[in-house]
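# Residue-level structure breakdown
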Amino acid sequence: MKPPTFRLTPNGGEAWVLTASASCPCCRGSGEVHESHGEDLPCGCAFENASPEVVDAIDAGAAYIIEPDPAWVAFVDQMMRELRSSDA
C-alpha cells in the first residue's frame, strides 16, 4: 500500500491522500465498504499505512481523500472492456 501523500488541489484545497489496499478483505481495494442499509462508507484499510500524525490530523478535521488501489482500478477497467466487447 502506498504511504499517505499530501495533495494541493487547483482550487487551493489541501487534503491527505490515502490509498486503499488491494488485499483488504472488506473493500478489495476500492476504498469503500457497502453497508447493508445501502450506505457506502470509507474502509479503514486506507488508514493502516498512515502515520499517527496523519491520523491525528484527520481526526482533528484535516481533509482527506481515499483513492482506490491502482490494481483495483485496472481490474474494473478490464471488466468494463470485457462487458463492452461482449455487448458488441
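Below or above, wherever it landed, is the structure these notes cover. On a predicted model such as this, the values are computed, not experimentally measured, just so you know.

Procedures and definitions
- Residues numbered from 1 in each chain as written.
- Predicted model: local features only at pLDDT ≥ 70, side-chain atom pairs only at ≥ 80, totals over all residues.
- Heavy atoms only, no water.
- Core = buried A, V, L, I, M, F, W, Y, C linked by side-chain atoms within 4.5 Å.
- Buried < 20%, exposed > 50% of the residue type's maximum accessible area, 1.4 Å probe, protein only.
- Contact = heavy atoms within 4.5 Å.
- Pairing = 2+ DSSP bridges.
- Helix = DSSP H or I, 4+ residues; strand = E, 2+ residues; numbered from the N terminus.
- Axes fitted to C-alpha atoms, helices over the stretch in contact; angles between N-to-C directions.

## Considerations on the nonpolar core
In this structure, Leu 18, Ala 20, Cys 24, Cys 27, Cys 43, Cys 45, Ala 46, Ala 50, Val 54, Ile 58 and Ile 66 together form the largest nonpolar core, which totals eleven residues. When sequence neighbours within four positions are dropped, the list of residues in contact with Ile 66 reads Leu 18, Ala 20, Gly 31, Pro 42, Cys 43, Ala 46 and Phe 47.

## So, the sheet that holds strand 5 (residues 64-67)
Pairing between sheet strands relies on hydrogen bonds along the backbone, with the strands arranged either parallel or antiparallel. With respect to topology, three strands assemble into an open sheet ordered 1-2-5, the strand pairing being mixed. Every other strand in the sheet has two partners, leaving strand 1 (5-8) and strand 5 as the edge strands with one partner each. For this sheet, the mean inter-axis angle between neighbouring strands, taken without regard to orientation, is 35 degrees. The pairing of strand 2 (residues 14-19) with strand 5 spans four bridges and is parallel. Bridge pairing in strand 5 places Thr 19 opposite Glu 67. Its contacts with the sheet place helix 1 (residues 52-59) against strand 2 and strand 5, and it is angled at close to 125 degrees to strand 2.

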